[in-house]
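So you can see what is in the structure, the chains are spelled out below.
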Amino acid sequence: MKVQREKKFAILMAARDSEYVKNVYGGYFNVFVEALADEGEKWDLFRIVEGEFPHLDDLQNYEGFVISGSPHDAYGDEYWILELCFLLQTLFAMQKKVLGICFGHQVLCRALGGKVGKAYSGWDIGIRKVRFTKEFSFYGYVDDSSDEIPPTLSIIECHQDEVCEVPVGAQVLACSDKTGVEMFTFGDNILGIQGHPEYTKDILENLIDRIVSNDSIEKGFAEEVKLKLIKAEADRKYWERICKSFLKGRWITQSPTYCS
């Protein structure tokens, strides 16, 4: 009888834990695991922002990798960011599944030949409705749900940088009124999402307070965003299904109504 190998995934953490997330969730790693992990899987943490990277010889042992968000610029030249770009190029060559979230979405684009920079329209903070493009072809997570993926989904956003140009050969899968590249794919193994599928509203609210405290945004703008959050809800379960189906290769064909 053949013993099934334990599936391993890795979080490449590009941000340090906030005191709030440590106290409430035990750290961002737990937030990601809660959103993306299934029973019987092993998830490892590499704090790449502190220079902790997986050994190249161990990469083959992982089914997929997730790059977190970060307060750092994806176009920066800090040593760990340059090392991350090299790692992502290596994973791309190995055809490993890589999911990039926010900063991760942007640094994936940079590493594979695209362009990133400051958003022309400034900060995007709150819950944003994104639309799938005509190139989007979703293969849903095989679970007990019969729900089809709607043509638009809401997601938590918090960024002032964006993807300006995707790598040659990549496809834009979603856009919004604020951001031209909300989601992109490159082949079968690369997926970038500008928003935060893993975030809850309380995490965002605390993050807004921290951004105000370091004078990155004005208090009035922050209060306006928080008021809008009272009534708005992100489509977290749909985004979790998209992320899981991509990472784990469990797919069923669905055909949502595409936006123009």
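Residues numbered from 1 in each chain as written. Predicted model: local features only at pLDDT ≥ 70, side-chain atom pairs only at ≥ 80, totals over all residues. Heavy atoms only, no water.

Trainee: Summarise the packing of helix α3 (residues 79–93) against helix α4 (residues 103–111); cite the residues concerned and give the values.
Mentor: Running from N to C, α3 and α4 point in directions that differ by 70°, and their axes come no closer than 9 Å. If you check the angle between α3 and α4, you find them roughly perpendicular. The crossing of α3 and α4 is right-handed. Contact residues: W80, I81, L82, L84, C85, L88 and Q89 in α3; F103, V107, L108, R110 and A111 in α4. A class-by-class count of the residues in the contact of α3 with α4 yields ten nonpolar, one polar and one charged. (Axes fitted to C-alpha atoms, helices over the stretch in contact; angles between N-to-C directions. Helix = DSSP H or I, 4+ residues; strand = E, 2+ residues; numbered from the N terminus. Parallel < 35°, antiparallel > 145°, perpendicular 65-115°, else oblique. Left-handed = near helix turned anticlockwise from the far one by under 90°. Contact = heavy atoms within 4.5 Å. Nonpolar A, V, L, I, M, F, W, Y, C, P; charged D, E, K, R; others polar.)

Trainee: Before we move on, could you go through empty space enclosed by the protein and cite the residues and values that matter?
Mentor: Summary: where empty space remains is shown by rolling a probe the size of a single water molecule over the atoms. The final tally for this structure, using the stated rule, is one cavity of 30 Å³ or more. The space that makes up the largest cavity amounts to roughly 50 Å³. In terms of lining residues, the largest cavity is bounded by F32, A35, L36, L99, I101, P197, E198, E240 and C243. Broken down by secondary-structure element, the contributors of at least two residues to the lining of the largest cavity are α2 (28–36), β4 (97–101) and α7 (236–248). Broken down by element, the residue count for the lining of the largest cavity peaks at three residues, all from α2. (1 Å grid on protein atoms, 1.4 Å probe; cavity = no way out; pocket = protein on both sides within 12 Å on 5 of 7 lines; lining within 4 Å. Points joined across faces, edges and corners; volume = space filled by probe spheres on them.)

Trainee: Now, about the pattern of salt bridges: what can you tell me, with residues and values included?
Mentor: Counting across every chain of the model gives 18 salt bridges. Put simply, R16 and E50 hold a salt bridge, and the shortest N to O gap is 3.8 Å. Placement of the pair is R16 in the loop between β1 (8–12) and α1 (19–25) and E50 in the loop between β2 (42–46) and β3 (64–67), with a sequence separation of 34 residues. What makes E50 partly exposed here is its relative accessible area of 49%. Notably, a salt bridge pairs R110 with D77, separated by 3.1 Å at the nearest N-O pair. Here R110 is found in helix α4, whereas its partner D77 is found in the loop between β3 and α3, with 33 residues between them in sequence. Take R110: its relative accessible area is 23%, and that puts it in the partly exposed class. Through salt bridges with shared partners, one network takes in D38, E41, K244 and K248. (Salt bridge = Lys/Arg side-chain N within 4 Å of Asp/Glu carboxyl O. Buried < 20%, exposed > 50% of the residue type's maximum accessible area, 1.4 Å probe, protein only.)

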